[in-house]
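Below are the chains, spelled out letter by letter.
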Amino acid sequence: MQPPLTLWSHALAAFLFGVLALVQLRQRDGGLPRITLIVALGATALWALAAAGIDARDPITRLAEGARNLAWLGFIYVLARREPADAGGRWLTAVYIACALTFVIATGLAIAEATAAPGDKAAIGDARVAFRMLGSVTALLLIYRMQARLSAAGRGGIRAAALAMALMFVIDTVINLALWTSTGISDGLIAARGLALIAFAPLFGLAVQRNGEWTLQLSRNVAFLAISLLVAGVYVVVIGLAISLIGQLGGNHIRLAQTAFVFGTAAALLTVVSTPWLRAWAKVLVAKHLFTHRYDYRAEWLRFTETLGTPGDSAAPLGIRVVKAVADVTDSPAGLLLLARDGGLERGAGWNWPEDDADPAGGDAALHRHLAATQRIVALDAVRDGTAPAEERAAAPSWLVERDHVWAIVPLCHFDQLTGAIVLARPPLDRALDWEDFDLLGVAGRQVASYLAEERAHDALADARRFDEFNRRFAFIMHDLKNLVSQLTLLARNAERHADNPAFRADMVETLRDSAQRMNNLLARLSQHHGGRGEALREVSLRRLAERIAAARRAQHVILVTGAPEVNALADATALETLLGHLVQNAIEASAADAPVTLNLVDLPATRQVAVEVIDTGRGMSPAFMRDRLFKPFVSGKPGGFGLGAFEARQLAETMGGSVTVESREREGTRFRVTLRSAAAMEQAA
């Protein structure tokens, strides 16, 4: 008696395929090669009905199975002949005839096996299984060739039919393999074939809709999941066959061997599946063979905008989100943002990019000019092998070309203005960039550029508002100080006129004049920082200035003066003292009480410059803080700080024709270098 699952699964499969055949009989249009399809669907329904009502091992059922295989082979041949480019000639027809002969021979051997003597049944059965296996494998190859050779316009619903036929013959191959390696076939495997037939029926139903012109539109995630489930099912079947084969070997430790085999294969499979390369390869394989385009543009754009627009204070900075959004498009594991500034490209935020990697040398001015002029994506593999255009090879910076893990450079253009570029690392599945990559990365780059431009506009507006607020506050302070200075000046004049005691008058006048002078100096400095002009540049002794600063702060902290014995700079003495005061104060606050701060004087005759270095051994700064926050106004790393010290120091140095640079390592210390023009060198040049 048939097991219930085998009976009902094959009966339901027979019903579904019978309904499909009747539906096709009522159709008058050709669509898919209708006659051969009706014959194949009807033969499959009869075979499934025989398997349910009689037995899958009965000769009548095997005869019906042979008829089913021949019918599907004829359907495949008619589909292949529809495409003139795949006519194939006589040799291809000979392959179809040979495959049909194998099915005929297998069916004849099934009849012979039923009528043969008991001693000959085993040999005939092995031959029958061998021919059936050979026919199934050949049919799989013919299905693959037919589906691959058909034009895109002629495929339509044939894809779904080809997939269903291929899976059907795959299951036949697995069952024949089980018969070949063992003495029989289990009821569970027969029932599994019936369930698989039920799953294949909808695929044939999709194929025959709208005369075969209806294209199955599955998302890439669903397709990938379906194939994963199919692979998992094949894995379970293979493991079951292997366990059965181990069980037939006999022995006292069979159960232990089977358990070890299952756990070992499962661990190996999980290890292989968890590798990023295999997942990337599987996704590319699914997209290449099941879809017209590699990318699911809707899903990619939703993920892209979600990454960029992540709300909340806990979200990563925009620079990191920008790099990640573009890198996710091509499954790149890392990326680096280069920001356009002063005709070059400076290193910005990185996502999974090593902090100690070399910065762009020389600002990458050539790359900036090339990207601004062409707005083309640079494929660095083409630059390395010499197939890229000459101007692209000349513009590609060596610090990127020399790193094999760097894959592409995507320009970020906003209204034909280059705002930066994103460097992408090589994806886990190495491949060359194609037209889809160029199109999608180009659109993503323009969208990212608009986000960066908007952030810059917001920052500039916020800075302007903060400066306006500070200007209003300083205006009130200046007004009050001006009134106070006026009052003190008047008091000094009155005392000068009316004081009776000459000694008292002299002391009072001197004190008042000193206070008035100090306040006038404060007013002059405040006015200078808000649009006024500073003093003219003149020769300033850096040694005397450094020693004066050290002496003034000696009670607060130990400050050492080292370096060249005498160097003179062309500078504004007041502004330079303010500049160094900011840097020395920051160094003192970052250092321990017993760790001295050093003012080191450097003469640079080769560049006609001199420098003052402010060195401490304090807590130091991170590369990200130096890059994004150090010289930004109103951004401070100290509680309650205004964040204007380093910003004002750089502004004052640039006003005098100099510059401020910094080197720092966390927990090791910081070195600020103020570089100015050498007074002696300027005098010699004059």
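Definitions and cut-offs
Residues numbered from 1 in each chain as written. Predicted model: local features only at pLDDT ≥ 70, side-chain atom pairs only at ≥ 80, totals over all residues. Heavy atoms only, no water. Pairing = 2+ DSSP bridges. Helix = DSSP H or I, 4+ residues; strand = E, 2+ residues; numbered from the N terminus. Polar contact = N/O pair within 3.5 Å; in protein donor to acceptor, adjacent residues only side chain to side chain. Buried < 20%, exposed > 50% of the residue type's maximum accessible area, 1.4 Å probe, protein only. Patch = residues over 30% accessible without salt bridge, like charges linked within 9 Å, V, L, I, M, F, W, Y side chains within 5 Å. Areas by Shrake-Rupley, 256 points an atom, 1.4 Å probe, with all protein chains shown as cover. Salt bridge = Lys/Arg side-chain N within 4 Å of Asp/Glu carboxyl O.

Caption draft 1: Geometry of the sheet that holds strand β2 (residues 344-351). The sheet built from 5 strands is open, its strands ordered β2-β1-β5-β4-β3 with antiparallel pairing. One side of each edge strand has no neighbouring strand; the edge strands of this open sheet are β2 and β3 (378-379). When strand β4 (residues 406-414) meets strand β5 (residues 417-425), the two strands line up antiparallel, connected through 8 bridges. Considered in β5, the bridge of Val410 is made with Ile422.

Caption draft 2: Quick peek at the side chain of Arg132. Counting through the fold element by element, Arg132 comes out in helix α5 (residues 118-149). A distance of 2.6 Å separates polar atoms of two side chains, one belonging to Arg132 and the other to Glu65.

Caption draft 3: View of unusual backbone geometry. With a phi angle near 60°, Asn352 is a residue other than glycine that sits in the positive phi range. In this structure Asn352 comes out as exposed when scored by relative accessible area, which is 53%.

Caption draft 4: Region of interest: a nonpolar patch on the surface. A cluster of nonpolar side chains, namely Leu12, Phe15, Val19 and Val23, defines an oily patch on the protein surface of about 330 Å² accessible area. Here Val19 lies in helix α1 (residues 4-26).

Caption draft 5: Layout of the pattern of salt bridges. All told, the structure shown has 14 salt bridges when counted by the stated rule. As a salt-bridge pair, Arg384 and Asp381 come within 2.8 Å of each other at their nearest N and O atoms. Of this pair, Arg384 and Asp381 both sit in helix α15 (residues 380-385), 3 residues apart, roughly one helical turn. Its relative accessible area of 25% is what places Asp381 among the partly exposed residues. Connected via shared salt-bridge partners are Glu65, Arg68, Arg132, Asp172 and Arg193.

The values reported here are purely geometric and, on their own, carry no functional implication.
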